[in-house]
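Listed here are the chains, written in short residue letters.
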Amino acid sequence: GEDVEQSLFLSVREGDSSVINCTYTDSSSTYLYWYKQEPGAGLQLLTYIFSNMDMKQDQRLTVLLNKKDKHLSLRIADTQTGDSAIYFCAESITDMGRRALTFGSGTRLQVQP
Amino acid sequence: DTGVSQDPRHKITKRGQNVTFRCDPISEHNRLYWYRQTLGQGPEFLTYFQNEAQLEKSRLLSDRFSAERPKGSFSTLEIQRTEQGDSAMYLCASSPEGWDHEQFFGPGTRLTVL
């Protein structure tokens, strides 16, 4: 079955690195995603990783994927106050024409100046 | 602005009333998705269209919910006989053919059922 879990809250100081973790249960996941949601705004796709990759880096963002442990993480380097938001991990399974994303409950990142 | 747009942004209704939401996807995106997000939770998938064909429906989509995309462009989501449990943010997303692993989300319609 599909289930995506995340810790609820993370607080860091400005300039530090943030690491947000996610676990998923379905080994058939094809893509894994990180979305950002700010208050009153829609979901913004930050980055994604294909399931045959271990790592992806995009500017301040680093995604690590451990398929054996079904663990995904997002590292934000030099965290800024503008990074304060809710971060959602999501998985997709594209076999048999399916296109639904399954999201975790989100991790609220608070960045203290 | 060429992103996904949704209308209205907010809707307050009384229990038992019908409501309809509209989503306009990014131009030339042939795939369109509806999700529902309740407070403190991540979005939950409702349904998905490829052009005008509704190809996937979640078990969350009860018989009071109906979605259409008659011309393969904009889509509507109707909820009949609304219940307080329908109060949520309804999100629409779209993706282009051949690159459908990226879903681009609209700002959502917040529904409050009194």
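One can find the structure itself at the top, above this paragraph.
Here goes a summary of the coordinates provided.

Quick notes on the rules
- Residues numbered from 1 in each chain as written.
- Chains lettered and ligands numbered in written order.
- Predicted model: local features only at pLDDT ≥ 70, side-chain atom pairs only at ≥ 80, totals over all residues.
- Heavy atoms only, no water.
- Helix = DSSP H or I, 4+ residues; strand = E, 2+ residues; numbered from the N terminus.
- Rg over C-alpha atoms; globule rule 2.2 N^0.38 Å.
- Buried < 20%, exposed > 50% of the residue type's maximum accessible area, 1.4 Å probe, protein only.
- Contact = heavy atoms within 4.5 Å.
- Areas by Shrake-Rupley, 256 points an atom, 1.4 Å probe, with all protein chains shown as cover.
- Lys, Arg positive; Asp, Glu negative; His and termini not counted.
- Charge placed at Lys NZ, Arg CZ, Asp CG, Glu CD.
- Buried area = accessible area lost by both parts, 1.4 Å probe.
- Salt bridge = Lys/Arg side-chain N within 4 Å of Asp/Glu carboxyl O.
- Polar contact = N/O pair within 3.5 Å; in protein donor to acceptor, adjacent residues only side chain to side chain.
- Nonpolar A, V, L, I, M, F, W, Y, C, P; charged D, E, K, R; others polar.
- Phe/Tyr/Trp six-rings, centres within 6.5 Å; stacked < 30°, edge-to-face > 60°.
- Pairing = 2+ DSSP bridges.
- Axes fitted to C-alpha atoms, helices over the stretch in contact; angles between N-to-C directions.
- Disulfide = S-S within 2.5 Å.

## Re the overall build of chain A
If you tally the helices and strands in chain A, you get 0 helices and 11 strands. Reading chain A from its N end, one meets helices and strands in the order β-β-β-β-β-β-β-β-β-β-β. Against the compact-globule benchmark of 13 Å for 113 residues, chain A has a radius of gyration of 14 Å, which places it among compact chains. For chain A, buried positions account for 48% of its 113 residues. Within chain A, contacts between residues at least 6 apart in sequence are counted, and of these 57% link residues at least 24 apart. Taken as a whole, chain A presents about 5,500 Å² of accessible surface, with 47% of it coming from carbon and sulfur. One way to put it: in chain A the 11 positive side-chain charges average out to a point 1 Å from where the 14 negative ones average out.

## Points about the interface of chain A and chain B
Counting from both sides, the interface comprises 18 residues of chain A and, opposite them, 21 residues of chain B. In total, chain A and chain B occlude about 1,600 Å² of area from one another, counting both sides; carbon and sulfur atoms represent 51% of this. Taken together, the links from chain A to chain B amount to 0 salt bridges. Taken together, the links from chain A to chain B amount to 5 residue pairs in polar contact (both at pLDDT 80 or more). Sorting the residues of the side of chain A that touches chain B by element identifies strand E4 (31–37), strand E5 (43–50) and strand E10 (101–103) of chain A as the ones contributing at least two each. The greatest single-element share of the side of chain A that touches chain B, amounting to 4 residues, is contributed by E4 of chain A. Class assignment of the residues belonging to the side of chain A that touches chain B gives a composition of 10 nonpolar, 6 polar and 2 charged.

## Overview of the packing of aromatic side chains
Considering all chains together, one arrives at 14 aromatic pairs over all chains under this definition. When the ring of tyrosine 33 of chain A is compared with that of tyrosine 48 of chain A, the centres are 6.0 Å apart and the planes differ by 40°; the resulting orientation is tilted. In this pair, tyrosine 33 of chain A sits in strand E4 while tyrosine 48 of chain A sits in strand E5, placing the two residues 15 residues apart along the sequence. Take tyrosine 33 of chain A: its relative accessible area is 1%, and that puts it in the buried class. With 5.4 Å between their ring centres and 40° between their planes, phenylalanine 21 of chain B and tyrosine 90 of chain B make a pair best called tilted. Of this pair, phenylalanine 21 of chain B sits in strand E3 (residues 19–24) while tyrosine 90 of chain B sits in strand E9 (residues 88–95), placing them 69 residues apart in sequence. Here phenylalanine 21 of chain B matches tyrosine 90 of chain B in class, with each residue buried. Three or more aromatic residues joined by ring pairs form one cluster here, namely Tyr31, Tyr33, Tyr35, Tyr48, Phe50, Phe88 and Phe103 of chain A together with Tyr35, Phe45 and Phe105 of chain B.

## What to know about the sheet that holds strand E8 (residues 71–76) of chain A
Whenever strands of a sheet pair, they do so through backbone hydrogen bonds, lying parallel or antiparallel. Residues and elements named next belong to chain A. Spatially, E1-E3-E8-E7-E6 is the arrangement adopted by the 5 strands of the open sheet, whose pairing is antiparallel. At either margin of the open sheet sits one strand with a lone partner, and together these are strand E1 (4–6) and strand E6 (55–58). The sheet shows a mean angle of 15° between the axes of neighbouring strands, taken without regard to direction. Examined bridge by bridge, strand E7 (residues 61–66) and E8 share 6 bridges and lie antiparallel to one another.

## A word on the side chain of serine 94 of chain B
All names here are of chain B. Looking at where serine 94 falls in the secondary structure, it is placed in strand E9. Using a relative accessible area of 0% as the deciding quantity, one classes serine 94 as buried. Within the structure, the side chain of serine 94 is placed 3.3 Å from the backbone nitrogen of isoleucine 26, a separation counted as a polar contact. At 2.8 Å, the side chain of serine 94 forms a polar contact with the side chain of histidine 29.

## Topic: the state of the cysteines
This model, assessed by the stated rule, comprises 2 disulfides over all chains. Across a sulfur-sulfur distance of 2.0 Å, cysteine 22 of chain A and cysteine 89 of chain A are joined as a disulfide pair. When the S-S torsion is -65°, as for the bridge of cysteine 22 of chain A with cysteine 89 of chain A, the disulfide is left-handed. Highlighted residues: cysteine 22 of chain A in strand E3 (residues 18–24) and cysteine 89 of chain A in strand E9 (residues 85–92), separated in sequence by 67 residues. Accessibility expressed as a relative area gives 0% for cysteine 89 of chain A, which makes it buried. Each sulfur in the disulfide pair cysteine 23 of chain B and cysteine 92 of chain B lies 1.8 Å from the other. The sign of the -70° torsion about the S-S bond sets the cysteine 23 of chain B-cysteine 92 of chain B disulfide as left-handed.

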